[in-house]
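The chain contents come next:
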Amino acid sequence: MSIRFVGRRVSNFIRTTSVLHVRDSVRQNHGVDIRCINPKANLHTCSLTCFPLANQISQKPVFVPYSIHSLRSHVRLVSNSAVEMTMGKDGVRFSVGKQLERHEGLREREKKPRRIKPSKKTKLNELRFYRLKAKKKMRSPNPEIRILYKLGKAKRKEEWLIEKLRKFEVRKAAAEVHDPESLTEEEKFYLKRTGEKKKHYVPVGRRGVFGGVVLNMHLHWKNHETVKVVCKPCKPGQIQEYAEELTRLSKGIVIDIKPNNVIIFYRGKNYVRPEIMSPPDTLSKAKALEKYKYEQSLEHTSEFIEKLENELEEYYEHKARFAKAKESSPMD
């Protein structure tokens, strides 16, 4: 509440109170004669007799007559002070409490020096300087400088991509107790033939295994016992990883893995469709695509780093061979 608002409320309250009641209460409680303090002051100015001195807050309260103007100046001088107003039978009383303690975070902010933002011109000059520096290294006649510059740049990119991929790591939920059903060889052969004949399938593309793949499997299992999962594109050995991950998420049974990257899943005899068909510990479609892009970029970057390291080794070998040949040759 602002000081002006407080003063306005107090002045309105004093006008409504009786003149003699306030004057008598001041004389009885404080032993101070208002006329002795300021004979020319009116009742409205002198009736605010309730502010303690700032240096006497911790001691026994001593009340001193104040005007509205002095009240404002007193509160301004005592920063972060709590002002209390009490209304009793004797009159109106004001009291200034202890200073409010500032938060530690605000103190730390005050101590920290303000950052001066660089202007647009300085930023442009810095960019020009770094570009010129990079151009000199790229056009250097020494191949070692060129290779080292490219290698450092590629390694920085590799670190950045690894940091980005850490954001897409999903904590796997605690594995539920799942008793896989035992199937005979005849049942497996029958399910394998029926799964091969049917045309319906679930694609696993570049995004890999995400929530939508498991959701589609459960939707197919509403009408069919088996479902085909077609993985394209698929690296060698990756089909086994997909089969294990889908088995964990869908609680299905792998019947067969074809050489053309096709997995046939069986839903089980005691299949019960779950309420949440898309597992919570999987990525969404958009995030799965973003993760794939970062993984692809990381793969190409690591290949480029390996290529540059081989080039650097070849250059050092050639340099050592040339130095050895120069030492062995006769001096002119």
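With an unreviewed UniProt entry as reference, the protein is termed RNA-binding, CRM domain-containing protein, source organism Cynara cardunculus var. scolymus.

*Asks:* In this structure, what is going on with a negative patch on the surface? I would like to understand it.
*Replies:* A contiguous patch of negative charge on the surface is contributed by Glu303, Glu306, Glu309, Glu311, Glu313, Glu314 and Glu317. Secondary-structure assignment places Glu317 in helix H12 (residues 285–328). On the accessibility criterion, Glu317 (48% relative accessible area) is partly exposed.

*Asks:* Would you explain the packing of helix H8 (residues 143–166) against H12 in this entry?
*Replies:* Any two packed helices are characterised by how steeply their axes cross, that is the angle between the axes, and by the distance between the axes. Orientation of H8 relative to H12, taken along the N-to-C sense of each, is 155°, at an axis distance of 9 Å. As summarised for this structure, H8 and H12 are arranged roughly antiparallel, according to the angle between their axes. Pair H8 / H12 crosses with left-handed handedness. In the contact of H8 with H12, the residues fall into 17 nonpolar, three polar and 11 charged.

*Asks:* Even after reading the chapter, I still don't get the packing of aromatic side chains, so can you show me in this structure?
*Replies:* Two numbers describe a pair of aromatic rings. These are the distance of the centres and the angle of the planes. In this structure the tally under the stated criterion is five aromatic pairs. Plain terms: the ring middles of Trp221 and Tyr271 are 5.6 Å apart, the flat faces sit at 70° to each other, and that makes the pair edge-to-face. Within this pair, whereas Trp221 is found in the loop between helix H10 (211–220) and strand E6 (226–231), its partner Tyr271 is found in the loop between strand E8 (262–266) and H12, the two being separated by 50 residues in sequence. Where Tyr315 meets Tyr316, the ring centres are 6.0 Å apart and the plane angle is 50°; that geometry is what we call tilted.

Scoring rules and cut-offs
- Residues numbered from 1 in each chain as written.
- Predicted model: local features only at pLDDT ≥ 70, side-chain atom pairs only at ≥ 80, totals over all residues.
- Heavy atoms only, no water.
- Patch = residues over 30% accessible without salt bridge, like charges linked within 9 Å, V, L, I, M, F, W, Y side chains within 5 Å.
- Areas by Shrake-Rupley, 256 points an atom, 1.4 Å probe, with all protein chains shown as cover.
- Salt bridge = Lys/Arg side-chain N within 4 Å of Asp/Glu carboxyl O.
- Lys, Arg positive; Asp, Glu negative; His and termini not counted.
- Charge placed at Lys NZ, Arg CZ, Asp CG, Glu CD.
- Helix = DSSP H or I, 4+ residues; strand = E, 2+ residues; numbered from the N terminus.
- Buried < 20%, exposed > 50% of the residue type's maximum accessible area, 1.4 Å probe, protein only.
- Axes fitted to C-alpha atoms, helices over the stretch in contact; angles between N-to-C directions.
- Parallel < 35°, antiparallel > 145°, perpendicular 65-115°, else oblique.
- Left-handed = near helix turned anticlockwise from the far one by under 90°.
- Nonpolar A, V, L, I, M, F, W, Y, C, P; charged D, E, K, R; others polar.
- Phe/Tyr/Trp six-rings, centres within 6.5 Å; stacked < 30°, edge-to-face > 60°.

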